[in-house]
Amino acid sequence: LPELDDEFAAEVSEFDTLEDFKANIKAKIKEQKIADGNRQKEDQAVEKAVANATMEIPEAMLNTQVKQMYDEFGQRMQMQGISEEMYYEYTKSKKEDITSQMKDDAEKRIKYRYVIEEIAEAEKIDFTEKTVIGALSHYVSGTIYSGNFQPMNANFGIVAPLEYKVKGGKKV
């Protein structure tokens, strides 16, 4: 192992001294802990809002979300070299078993999406079209983009595939 000294710090970082290098690492760790704490508080607040929210989710919307989740699951299995048939054989399950298990998560995703949209509207948060969320917002609202905008699955499963525009709960 190399000796931890100023020479090492200068070689592996932008800092000339080990002391500065260590101080920078400590500062980054502190920043990360603060960011993690803030993110955790935000997540807890959204979870509480979702738990307190009352909304009726149409069965078709729930089924669409489950289908998307199932398709993503299938893609992950394929990436690991496992076919759908192999998975069912190994787990002794059926498609219906998997989709049934996904319903609660699908409902949660939909509720999260609506709560976040309501918070953004109430707080007058406007996402610019340069961000993924902003681009999605503008696409859904019909203010920009034409055709089938798919941001390379950058929505992390939060938003259903944008096969069609939805505005006010109706196809546009």
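Values in this document were obtained by computation on a predicted structure and should not be read as measured data.

Peer 1: Just checking my understanding: could you explain the overall build of the protein chain for this structure?
Peer 2: Along the backbone of the protein chain there are 6 helices and 2 strands. When the helices and strands of the protein chain are read in sequence order from the N terminus, they spell out α-α-α-α-α-α-β-β. Scored against the burial criterion, the 172 residues of the protein chain give a buried share of 24%. Looking at the protein chain alone, contacts between residues at least 24 apart form 49% of all its contacts between residues at least 6 apart. Of the roughly 13,200 Å² that the protein chain leaves accessible, carbon and sulfur atoms contribute 53%.

Peer 1: Whenever I open this one, the nonpolar core confuses me. Can you help?
Peer 2: In summary, soluble globular proteins display a tendency toward joint burial of nonpolar side chains. If you look at the biggest cluster of nonpolar residues, it comprises 12 residues: Ile57, Leu62, Val66, Met69, Tyr70, Phe73, Met77, Tyr88, Ile98, Met102, Ala106 and Ile110. Of all the secondary-structure elements, those providing two or more residues to this core are α3 (59-79) and α5 (95-122). Counting residues per element, this core draws most heavily on α3, at 6 residues.

Peer 1: How should the packing of aromatic side chains be read in this particular structure?
Peer 2: The description of two aromatic rings rests on the distance between their centres and on the angle between their planes. A complete count under the given rule lists 3 aromatic pairs for this structure. Aromatic side chains tyrosine 87 and tyrosine 88 sit 6.0 Å apart centroid to centroid with 70° between the ring planes, which places their arrangement in the edge-to-face category. An aromatic cluster is built from Tyr70, Phe73, Tyr87 and Tyr88, whose rings are joined through pairwise contacts. Lying across the ring of tyrosine 114, arginine 113 places its NZ or CZ 5.4 Å from the centre.

Peer 1: What's the story with the confidence of the model for the protein chain in this structure? I'm lost.
Peer 2: Detailed reading of predicted coordinates is not advised where the pLDDT is low. Counting all residues, the mean pLDDT for the protein chain is 80, and 73% of those residues have values of 70 or more. Ignoring residues within four places in sequence, the model shows residues 145-149, a span with pLDDT below 50, making 12 contacts including any to other chains. Segment residues 160-172 is flagged for pLDDT under 50; beyond a separation of four residues in sequence, or across chains, it makes 25 contacts in the model.

Peer 1: Sorry, what's going on with unusual backbone geometry here?
Peer 2: Among all residues save glycine, negative phi is the norm, and among peptide bonds the norm is trans. Its identity is not glycine, yet lysine 92 carries a phi of approximately 55°, on the positive side. Examined against the element boundaries, lysine 92 turns out to sit in the loop between α4 (84-91) and α5.

Calculation rules
- Residues numbered from 1 in each chain as written.
- Predicted model: local features only at pLDDT ≥ 70, side-chain atom pairs only at ≥ 80, totals over all residues.
- Heavy atoms only, no water.
- Helix = DSSP H or I, 4+ residues; strand = E, 2+ residues; numbered from the N terminus.
- Buried < 20%, exposed > 50% of the residue type's maximum accessible area, 1.4 Å probe, protein only.
- Contact = heavy atoms within 4.5 Å.
- Areas by Shrake-Rupley, 256 points an atom, 1.4 Å probe, with all protein chains shown as cover.
- Core = buried A, V, L, I, M, F, W, Y, C linked by side-chain atoms within 4.5 Å.
- Phe/Tyr/Trp six-rings, centres within 6.5 Å; stacked < 30°, edge-to-face > 60°.
- Lys NZ or Arg CZ within 6 Å of the ring centre and 35° of its normal.
- pLDDT = per-residue confidence, 0-100.

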